[in-house]
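One letter stands for each residue in the lines below.
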Amino acid sequence: MKSRISAIILMTAALVLGSTAVFSQDPPESAQKDKPAEAKPKKESTLGDYTINTTLETGWRFFTADGNTNKYRSDFNYGRGPRVINYDFMARAKDGKGKPFDLLKINALGWGGDPQAYLRVDVEKQKVYRFDANYRKIDYFNNLANFALNQHLMDAERKFGDFNLTFLPGNEHFKLNLGYSMNYDKGMSFTTYAYSRDEYQLTAPVRNSANDYRVGFDARAIGFNISVLMGKRYFKDDMTYYIPTFQAGNDPNNTPQLNSFLREMPSRGRVGYAQVTLSRKFGKWMDFTGSIIHSDAITRFNFFERLTGKEYTGNNITLDQSKVASESKRPSGMGNFGVTVYLTDKLSVSDVFRFNNFRINGNEVFSNSLFRTRETFFGITELPPLITDFLSIRSINYRLFQNTVEADYKFSPKLMAHAGYRYTNRRLIQGAFYQGTTLTLQRDEATNETHTALAGFKATPFSFWKIYFDAEHGEADNVFVRIDNYNVTNIRVRSLLKPTRALTINTSFMTRHNNNPNLQQVDTSPLNFGV
């Protein structure tokens, strides 16, 4: 069925308030005698020591829905009532130096009835602090009668924003950075659950959040540019599924039914991270840059499910209960260090070293209990219970070393070329421990070395035409995973042609040749089975 929606906007009002103040003094009498009299500029309205510029566009939305209102909200979700379509506010100190702030800017969009609303605030006092905030709100609504039997519904609101504060923003030697980010999702939703060859509608409230706290600084000392950032992120999800009353299922011809159902899936986690970046130029002959990132993440997840009812075989489920408790940790570290040496005005050599190392350790405890009864001629008979307990512990350790050496030579302003070599070493160790009906121990280790040659050039035949060429060929001693390739050859050519200022023609050509010489070709020719 199609729904005919008509939205009527009866009134829209716009209010524009603008003011620009000019601060001036009367010239001295001597100057008045030397120069002809000039017209004095008109003094415009101000607020204290600030010049105020404001623009407000507002209105009132009316609408009528000739059809299904839920269909209208699922497609547009615009509400009735007053609206702030757009709001801009700016307060600037007349002499550039105000007491609490020098500049304040506010911008707001879509408040009052739109499904999306936005707010931005910027406050600054020169050489003291700078603050900026971004905040968004999104309303999500979904209720369609012709989708999933109208059982997949949601009415939720998401709020997220970023807030940053910098002290001493204009100081070249030191400035302090603080930050906070938030993300909240809350509302109500409905979904379906497949159990015993039938489907049941579940109520599923939405509740999850994340908060990120940051602190760092930028400094300059002993010729080095230093940047440090540290932070902590906390997140949680309290997803719950349940049925408020008895449910017979979507198929009326089936015997399964649910008398009660509850599933709770709470998760908690935190991530701590730190990043240090260094850079320096040693005269005209060498550049250095490096960065190190470390993070430590931990997640705890619990699962609890409990239901009663009847399964498709006719057995009564007096209790079907599952519990899961798990935890995982992921410490990681990675870094990049690069040095460029300018041997001559035309020749430079660079070396970039990169490492990456992370480890994932996790464990899980699972238990399930199933108690059933069956109605027979002799009455209710208890069936043997089914009890399952399982323990799993897994660990993954990954390490990568990579070093790239490259030389660049400038033959002329119209021709530059480079050539280099890259070495990569990777190692992966996996371990697992399983304890259920039997005890299982597993350990796998894989290593990989890759040698790659690099080459390319940049040519400018004419002032309006540039050509770029890059090629690399790499060979590995073995495959790191089953989809890796032993030999890899990549070629890329790019042409940038700009015959006029208004016209640019960009043409690119790329080719990749991946080969695994030890992998035999599988014969896929059709076979005659005599049918």
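Note that the coordinates shown come from a computational prediction; the quantities given were computed from them, not determined experimentally. (Residues numbered from 1 in each chain as written. Predicted model: local features only at pLDDT ≥ 70, side-chain atom pairs only at ≥ 80, totals over all residues. Heavy atoms only, no water.)

### Structural notes on the overall build of the protein
So, step 1. From N to C terminus, the protein includes two helices and 21 strands.
So, step 2. For the protein, the residues scored as buried account for 28% of the 531 residues in total.
So, step 3. The contacts of the protein with a sequence gap of at least 6 include a subset with a gap of at least 24, amounting to 61%.
So, step 4. Approximately 34,400 Å² of the protein is accessible, and the part contributed by carbon and sulfur atoms is 57%. (Helix = DSSP H or I, 4+ residues; strand = E, 2+ residues; numbered from the N terminus. Buried < 20%, exposed > 50% of the residue type's maximum accessible area, 1.4 Å probe, protein only. Contact = heavy atoms within 4.5 Å. Areas by Shrake-Rupley, 256 points an atom, 1.4 Å probe, with all protein chains shown as cover.)

### Points about the pattern of salt bridges
So, step 1. On inspection of all chains with the given rule, the structure shows 15 salt bridges.
So, step 2. Residues Lys125 and Asp102 are paired through a salt bridge, measuring 3.7 Å at the closest nitrogen-oxygen approach. Here Asp102 lies in the loop between strand S3 (81-93) and strand S4 (103-111) and Lys125 lies in strand S5 (residues 116-125), a separation of 23 residues in the sequence. Taken as a pair, Lys125 and Asp102 share a single burial class, namely buried.
So, step 3. For Asp122, the salt bridge goes to Arg120, with nearest N and O atoms at 2.9 Å.
So, step 4. Since its relative accessible area comes to 28%, Arg120 is described here as partly exposed.
So, step 5. Three or more residues joined by partner-sharing salt bridges are found here, namely Lys137, Asp139, Glu157 and Lys159. (Salt bridge = Lys/Arg side-chain N within 4 Å of Asp/Glu carboxyl O.)

### Some thoughts on the packing of aromatic side chains
So, step 1. Inspection of the entire model under this criterion finds 19 aromatic pairs.
So, step 2. Geometrically, the ring pair formed by Tyr193 and Tyr195 is stacked, given 6.1 Å between the ring centres and 15° between the ring planes.
So, step 3. Of the residues examined, Tyr195 reaches a relative accessible area of 13% and is grouped as buried.
So, step 4. Measuring from ring centre to ring centre gives 5.4 Å for Phe457 and Phe469, while their planes differ by 20°; the resulting arrangement is stacked. Pair noted here: Phe457 is in strand S18 (residues 439-462) and Phe469 is in strand S19 (residues 465-476), with a separation of twelve residues, a long-range link.
So, step 5. Phe469 sits in the partly exposed class, given a relative accessible area of 25%.
So, step 6. The structure contains a cluster of three or more aromatic residues connected by ring pairs, namely Phe163, Tyr180, Tyr213 and Tyr234.
So, step 7. Over the ring of Tyr241 we find Arg263, and its NZ or CZ is 5.9 Å from the ring centre.
So, step 8. Against the face of Phe224 rests Arg280, its NZ or CZ located 5.2 Å from the ring centre. (Phe/Tyr/Trp six-rings, centres within 6.5 Å; stacked < 30°, edge-to-face > 60°. Lys NZ or Arg CZ within 6 Å of the ring centre and 35° of its normal.)

### Digging into the environment of Phe224
So, step 1. Mapping Phe224 onto the fold places it in strand S10 (residues 224-242).
So, step 2. Residues Phe224 and Phe288, 64 residues apart in the sequence, show an inter-C-alpha distance of 9.3 Å.
So, step 3. Ignoring any residue separated from it by four or fewer positions in sequence, one finds Phe224 in contact with Ala219, Leu278, Ser279, Arg280, Phe282 and Phe288.

### A look at unusual backbone geometry
Among all residues except glycine, the phi angle is most often negative; among peptide bonds, the trans geometry is most common.
So, step 1. With a phi close to 55°, Leu149 is a non-glycine residue in the positive phi region.
So, step 2. Within the secondary structure layout, Leu149 lies in the loop between strand S6 (129-142) and strand S7 (153-167).
So, step 3. With phi around 55°, Leu168 is a residue other than glycine that occupies positive phi space.
So, step 4. Note that Leu168 resides in the loop between S7 and strand S8 (174-195).
So, step 5. On the accessibility criterion, Leu168 (33% relative accessible area) is partly exposed.

### Observations concerning the nonpolar core
So, step 1. Ranked by internal contacts, the top residues of the largest apolar core, which has 13 residues, are Tyr193, Tyr195, Leu202, Tyr241, Leu258, Phe261 and Leu307.
So, step 2. Secondary structure elements with two or more residues in this core: S8, strand S9 (198-221), S10 and strand S11 (257-282).
So, step 3. If you tally residues by element for this core, the top one is S9, at three residues.
So, step 4. For Tyr193, the contacting residues outside a window of four places in its chain are Asp198, Glu199, Tyr200, Leu202, Phe261, Arg263, Glu305 and Leu307.
So, step 5. With eleven residues, the next largest nonpolar core counts Phe89, Ala93, Leu104 and Ala133 among its residues. (Core = buried A, V, L, I, M, F, W, Y, C linked by side-chain atoms within 4.5 Å.)

### Concerning a nonpolar patch on the surface
So, step 1. Nonpolar side chains collect at one region of the surface, where Phe167, Leu168, Phe174, Leu178, Val215 and Met230 lie side by side and expose about 450 Å² of accessible area between them.
So, step 2. Topologically, Val215 is positioned in strand S9. (Patch = residues over 30% accessible without salt bridge, like charges linked within 9 Å, V, L, I, M, F, W, Y side chains within 5 Å.)

### Quick word on the side chain of Asp122
So, step 1. Mapped onto the elements, Asp122 comes out in strand S5.
So, step 2. Under the relative-accessibility criterion, Asp122 is labelled buried at 18%.
So, step 3. Engagement of the side chain of Asp122 in a polar contact is seen with the side chain of Arg120, the distance being 2.9 Å.
So, step 4. Excluding anything up to four places from it in sequence, Asp122 contacts Leu103, Leu104, Lys105, Phe131 and Asp132. (Polar contact = N/O pair within 3.5 Å; in protein donor to acceptor, adjacent residues only side chain to side chain.)

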